Amino acid sequence: MDRGREYVIGQIGELPLRKPVLVRIGDRVIGVYRVAEKEVRVYENLCPHLGGPVCQGEVVEWAEEVVAPTGEVVGQRVVPDRWHIVCPWHGLEFDLDTGRCVADPRLHLRPYPSRVEGGVVYVRV
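Definitions and cut-offs
Residues numbered from 1 in each chain as written. Predicted model: local features only at pLDDT ≥ 70, side-chain atom pairs only at ≥ 80, totals over all residues. Heavy atoms only, no water. Salt bridge = Lys/Arg side-chain N within 4 Å of Asp/Glu carboxyl O. Helix = DSSP H or I, 4+ residues; strand = E, 2+ residues; numbered from the N terminus. Polar contact = N/O pair within 3.5 Å; in protein donor to acceptor, adjacent residues only side chain to side chain. Disulfide = S-S within 2.5 Å. Buried < 20%, exposed > 50% of the residue type's maximum accessible area, 1.4 Å probe, protein only. Pairing = 2+ DSSP bridges. Axes fitted to C-alpha atoms, helices over the stretch in contact; angles between N-to-C directions.

Asker: Talk me through the pattern of salt bridges; I want residue IDs and the actual numbers.
Answerer: Enumeration according to the criterion identifies 9 salt bridges in this entry. Between Asp-95 and Arg-82 there is a salt bridge, with its nearest N and O atoms 2.6 Å apart. Taken as a pair, Asp-95 in strand β7 (residues 93-95) and Arg-82 in strand β6 (residues 73-86) lie far apart in primary sequence, 13 residues in all. Here Arg-115 ties to Glu-117 by a salt bridge, and the two come within 2.5 Å at their closest N and O atoms. One salt-bridge network, in which partners are shared between bridges, spans Glu-6, Arg-115, Glu-117 and Arg-124.

This is how it looks when you write it as structure tokens:
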């Protein structure tokens, strides 16, 4: 089985926090996201909905509705340390940590294995 090839993306300290860095590797474009001091997530820049450039979308805080015991929505609150990638074509939101679509968990972004070693980000494609 072909496990792909590993590529050096760069120094993790040079990647902006929760902002995509788009990288072309062969015929693929991937989005590399630094999600913590020494942690990254990497997804193919292809929305599973209609093929939009999902990694070019905004990263926003995860907000959830606050529901009273009566069932009435009484507001919203931000969930700490949870972020969504919003596809710029149709607004579908994907969990930055897992790649799963919030509205339809059957949809998910294609992840790529990555690692950080000695401050260098490596991705296997």
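Asker: Lay out the environment of Thr-98 in plain terms, naming residues and giving numbers.
Answerer: In this fold, Thr-98 is placed in the loop between β7 and β8 (114-117). With 14 residues separating them along the chain, Thr-98 and His-84 place their C-alpha atoms 9.8 Å apart. A polar atom in the side chain of Thr-98 sits 3.2 Å from the backbone nitrogen of Arg-100.

Asker: Tell me about the state of the cysteines, residues and numbers included.
Answerer: Counted by the stated rule, this structure contains 0 disulfides. Free of any disulfide, Cys-55 has its nearest neighbouring cysteine sulfur in Cys-87, separated by 9.3 Å. Exposure remark for Cys-55: the relative accessible area of 1% places this residue in the buried category. Cys-47 supplies the cysteine sulfur nearest to Cys-101, a cysteine that is in no disulfide, at a spacing of 7.4 Å. Accessibility expressed as a relative area gives 4% for Cys-101, which makes it buried.

Asker: Can you tell me about the sheet that holds strand β9 (residues 120-124), naming the residues and giving the values?
Answerer: In space, the 3 strands of this open sheet follow the order β1-β9-β8, with antiparallel pairing throughout. At either margin of the open sheet sits one strand with a lone partner, and together these are β1 (6-11) and β8. Within the sheet, the average angular offset between the axes of one strand and its neighbour, ignoring direction, is 25 degrees. In the sheet, β8 pairs with β9 via 4 bridges, with the strands oriented antiparallel. Bridge pairing links Val-116 to Val-121 in β9.

As far as function goes, none of this settles anything; it's purely spatial.
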